[in-house]
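What the coordinates show
Here is how the chains run, residue by residue.
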Amino acid sequence: MTGQSINCRCTECSCAHSVNYFPNVNVGEEPELKDKILDGSLFTWTCPECGKVNLAVYPMVYHDPQQSLMLVLSPSPISASGLPEGYVGRQVRTPGELIEKIKIFDAGLDDILVEMCKFVTVKELKKDVSLKFFKLEGADSEITFTYPENSNMEMVVTGMGLYHDCAGIVERNPQIRDAATGLAQVNDGFLRQFFE
């Protein structure tokens with residue numbers, strides 16, 4: 001597990017240090033990197049001078065050949081040229097979005113439908129919150145979302161019925177799935193173009 005080196009400046013003491021980063025992650029070849037992405041440790045470094053834990057955000061291509069999945073972490077828009085045949089490709093802007101997408105696909109869910117479930121659930125909550133996929137579990141395959149409120153992480157649970165209802169909406173509106181080709185950013189903003 002070897003990465004490349006970049007210089008990063010500590011946000012606490014301003015000292016510059018060489019930090020390992022991983023611009024290309026193929027979890028078929030290096031599965032241990034997936035765990036480091038999911039727990040966030042691949043994006044943090046500790047300053048050897050003051051001990052401050054810093055965030056290192058950098059562009060990354062995440063490749064999961066078993067799931068035919070390509071996720072690209074980049075704050076700037078990018079093109080989808082060269083995406084392998086049969087792959088799902090997505091662009092995410094933050095490490096948090098990358099972690100969420102990995103969890104969604106690992107759960108065997110369609111991220112377009114999950115985003116639609118989030119969209120509907122926010123409307124039902126009548127709150128201006130940003131939901132994040134947390135897990136799929138239970139005998140009834142309940143989907144749990146989280147959101148911050150009053151310095152706490154709140155959870156809201158929906159059933160698979162909503163997920164299947166959203167599948168019907170997408171099936172009746174093929175332009176939604178058509179817009180998610182290449183390296184689309186499938187997030188709350190993606191759905192607003194169709195429903196607001």
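Provided above is the structure to which this section pertains.
Just so it is clear, the model here is predicted, and its values are computed rather than measured.

1. Side note on the nonpolar core
Counting 27 residues, the largest nonpolar core has Leu 109, Val 114, Leu 131, Phe 133, Phe 145, Tyr 163 and Ile 176 as the members making the most contacts within it. Taken together, the elements giving at least two residues each to this core come down to helix H3 (111-125), strand S10 (142-149), helix H4 (160-172) and helix H6 (188-195). The element that contributes the greatest number of residues to this core is H3, accounting for seven residues. Once you skip the residues sitting within four places of it in the chain, Phe 145 turns out to touch Val 114, Cys 117, Lys 118, Thr 121, Leu 131, Lys 132, Phe 133, Phe 134, Glu 154, Met 155, Val 156 and Thr 158.

2. Regarding the packing of aromatic side chains
By convention here, two paired aromatic rings are described through the distance between centres and the angle between planes. Summed over all chains, the structure comprises four aromatic pairs. Note on Phe 133 and Phe 145: the rings are 6.5 Å apart at their centroids and 75° apart in plane angle, and the pair reads as edge-to-face. Within this pair, whereas Phe 133 is found in strand S9 (residues 132-137), its partner Phe 145 is found in strand S10, the two being separated by 12 residues in sequence. The same class applies to Phe 133 as to Phe 145, namely buried. On the numbers, 5.6 Å between centres and 70° between planes, the contact of Phe 190 with Phe 194 is edge-to-face. In this pair, Phe 190 and Phe 194 both sit in helix H6, four residues apart, roughly one turn of the helix. By relative accessible area, Phe 190 is classed as buried at 5%. Residue class for Phe 194 comes out partly exposed when judged on its relative accessible area of 25%.

Procedures and definitions
Residues numbered from 1 in each chain as written. Predicted model: local features only at pLDDT ≥ 70, side-chain atom pairs only at ≥ 80, totals over all residues. Heavy atoms only, no water. Core = buried A, V, L, I, M, F, W, Y, C linked by side-chain atoms within 4.5 Å. Buried < 20%, exposed > 50% of the residue type's maximum accessible area, 1.4 Å probe, protein only. Helix = DSSP H or I, 4+ residues; strand = E, 2+ residues; numbered from the N terminus. Contact = heavy atoms within 4.5 Å. Phe/Tyr/Trp six-rings, centres within 6.5 Å; stacked < 30°, edge-to-face > 60°.

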